[in-house]
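Listed below, chain by chain, are the residues.
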Amino acid sequence: MPNPSGATDLAPPDDSSAGPDSGRRNNSRRFALPTGPGRAWLFVAPVLIALAVVIGYPVGRAVVMSFRADDRLDPATGMFAPGGGAGFANYTHWLLQQCQIQGGSETCPAGNLGSQFWAAVGVTLLFAVITVTLEATLGLGMATVMGKTFRGRALLRAAVLIPWAIPTAVTARLWEFMFQYDGVVNRVLHTHILWMSDPWASRFAVIIADVWKTTPFMALLILAGLQVIPGDVYEAARVDGASGWQRFTQITLPLLKPALLVAVLFRTMDALRLYDLPAIMMHDNRATQTISMLVVEQTQLESNSASALSVLTFLMIFAAAFVLVKVLGANAVATQEEQRRAR
């Protein structure tokens with residue numbers, strides 16, 4: 001009702017007559033999700049908790065164990081007693097101890113850094129550098145061919161992915177049979193190479209098998225980058241009279257650089273953790289022992305000493321990843337900035 005003065009009554013309505021839904025609306029406002037940085041941390045927290053449980057605790061436990069000595073047999077009681085603290089003895093054991101290989105086809109050098117750890121690091125780096133270089137080169141060529149339009153392209157893409165789809169254990173056994181002394185490789189090449197026992201021949205055998213299996217993975221990642229490049233750029237370059245090589249070097253490679261760098265980064269991390277292929281293919285051949293194989297072997301012998309070896313391996317791979325992310329990641333960002341400026 002209007003007031004005697006002519007003003008309208010603007011009193012708020014009574015919430016008690018709003019019905020049961022008003023309580024839900026009030027509760028929703030009361031328990032609203034936070035905004036700003038708090039909202040981001042709310043969504044990231046489950047992932048961080050999972051990483052802390054799955055990765056953080058094992059790494060922390062390995063670090064603690066690496067500073068303790070292994071249990072020793074007490075002659076007085078005939079029982080095992082705790083070894084106590086060891087300081088950095090487990091680390092110096094791997095970084096400074098001379099290599100003692102028994103029953104292997106190759107002995108470690110007798111000079112400095114002649115430990116099993118450094119020998120395994122050298123083999124791992126050798127595999128990583130050669131395989132990643134070959135796989136990136138071959139994968140780029142395969143991706144370029146698969147990116148073209150022609151009849152049977154889908155069949156070619158499916159056939160290329162077959163080596164990547166085969167389990168690693170099957171691949172290792174397959175190449176092991178082929179590299180036997182009387183196997184297919186020696187028969188085709190008419191050679192008498194001891195691929196399974198000669199140090200350098202066995203290393204190149206592992207490299208060949210790894211390149212055959214993992215090149216399709218590189219080709220798939222590079223092909224995904226090729227699909228993003230617009231075709232109008234190639235048409236404009238063709239109209240301007242650019243040759244095929246000029247289009248490849250001036251258009252394809254610069255625009256493909258971010259995807260290529262990501263593929264190299266992923267593959268390098270995978271190569272530094274190489275274990276199953278040489279372990280199954282070469283068995284106990286010390287010439288092809290990677291750092292991951294050494295960690296698994298020592299884990300079965302001495303737990304705390306193997307923990308120190310695991311920490312050293314983790315630091316090596318982490319340092320390599322950090323350098324690659326800083327160097328390759330900066331180049332990728334710079335390349336994207338150049339593309340935006342060019343547009």
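From a predicted model like this one, the values you see are computed outputs, not experimental measurements.

Looking now at the overall build of the protein chain. The secondary structure content of the protein chain amounts to 14 helices and two strands. Residue burial in the protein chain is summarised as follows: out of 343 residues, 31% are buried. The long-range share in the protein chain, meaning contacts at least 24 apart out of those at least 6 apart in sequence, stands at 65%. As displayed, the protein chain offers around 21300 Å² of accessible surface, 66% of which is attributable to carbon and sulfur atoms.

Let's shift gears to the packing of helix H4 (residues 116–146) against helix H13 (residues 291–299). The packing of two helices is summarised by the inter-axis angle and the distance between the axes. One way to put it is that H4 packs onto H13 with a least axis distance of 8 Å and a crossing angle of 145°. For the pair H4 and H13, the contacting residues are Gln116, Phe117, Ala120, Val121 and Thr124 in the first and Ile291, Leu294, Glu297 and Gln298 in the second. A class-by-class count of the residues in the contact of H4 with H13 yields five nonpolar, three polar and one charged.

Our focus in this paragraph is the pattern of salt bridges. For the structure shown, the criterion picks out six salt bridges. In this structure, the salt-bridge partner of arginine 267 is aspartate 270, at a minimum N-O distance of 3.0 Å. A residue pair is termed a helical-turn pair when its members lie 3 or 4 positions apart in one helix, as arginine 267 and aspartate 270 do in helix H11 (residues 244–272) at three residues. On the basis of relative accessibility, which here comes to 33%, the residue aspartate 270 falls in the partly exposed class. Its salt-bridge partner being glutamate 297, residue arginine 286 comes within 3.0 Å of it at the nearest N-O pair. Here arginine 286 is found in the loop between helix H12 (276–282) and H13, whereas its partner glutamate 297 is found in helix H13, with 11 residues between them in sequence. The class for arginine 286 is partly exposed, based on a relative accessible area of 24%.

We now examine the nonpolar core. Among the nonpolar cores identified, the biggest contains 17 residues, and Phe127, Phe179, Trp195, Ala205 and Met281 are the most heavily contacted of them. Contributions of two or more residues to this core are made by H4, helix H7 (168–178), helix H9 (199–228) and H12. When residues in this core are grouped by element, the largest group, six residues, is from H9. Every residue in contact with phenylalanine 179, bar those within four places of it in the chain, is listed here: Val185, Trp195, Met196, Ala205, Ile208 and Met281. Core analysis: the second largest hydrophobic core is formed by 16 residues, Val160, Met218, Ala219 and Ile229 among them.

Every buried residue of helix H3 (residues 89–96) is accounted for by Asn90, Tyr91 and Trp94. For H3, the angular spread of the buried residues around the axis is 100°, confining them to a single face.

With respect to the secondary-structure elements, threonine 313 resides in helix H14 (residues 303–342). Residue classification places threonine 313 among the buried positions, given a relative accessible area of 9%.

Another aspect to go through is a nonpolar patch on the surface. Taken together, the side chains of Trp41, Leu42, Phe43, Val44, Val47, Leu48, Ile49, Leu51, Val53, Val54 and Ile55 define a hydrophobic patch exposed on the protein surface, amounting to about 1100 Å² of accessible area. Relative to the assigned elements, valine 44 resides in helix H2 (residues 37–66).

In this section: unusual backbone geometry. Positioned with a positive phi, histidine 190 is a non-glycine residue whose angle comes to about 55°. With respect to the helices and strands, histidine 190 occurs in the loop between helix H8 (184–189) and H9. Judged by relative accessible area, histidine 190 falls into the exposed class, the value being 70%. One non-glycine residue, histidine 283, lies in the positive phi region at around 55°. Along the chain, the position of histidine 283 falls in the loop between H12 and H13. On the basis of relative accessible area, histidine 283 is assigned to the partly exposed category, the value being 43%.

Another aspect to go through is the confidence of the model for the protein chain. For the protein chain, per-residue confidence averages 78 on the pLDDT scale, and residues scoring 70 or more make up 73% of the total. Within the protein chain, helix H1 (residues 21–30) has the poorest average pLDDT of any element, 52, and H7 the best, 93.

What counts, and where the lines are drawn
- Residues numbered from 1 in each chain as written.
- Predicted model: local features only at pLDDT ≥ 70, side-chain atom pairs only at ≥ 80, totals over all residues.
- Heavy atoms only, no water.
- Helix = DSSP H or I, 4+ residues; strand = E, 2+ residues; numbered from the N terminus.
- Buried < 20%, exposed > 50% of the residue type's maximum accessible area, 1.4 Å probe, protein only.
- Contact = heavy atoms within 4.5 Å.
- Areas by Shrake-Rupley, 256 points an atom, 1.4 Å probe, with all protein chains shown as cover.
- Axes fitted to C-alpha atoms, helices over the stretch in contact; angles between N-to-C directions.
- Nonpolar A, V, L, I, M, F, W, Y, C, P; charged D, E, K, R; others polar.
- Salt bridge = Lys/Arg side-chain N within 4 Å of Asp/Glu carboxyl O.
- Core = buried A, V, L, I, M, F, W, Y, C linked by side-chain atoms within 4.5 Å.
- Arc of directions from axis to C-beta.
- Patch = residues over 30% accessible without salt bridge, like charges linked within 9 Å, V, L, I, M, F, W, Y side chains within 5 Å.
- pLDDT = per-residue confidence, 0-100.

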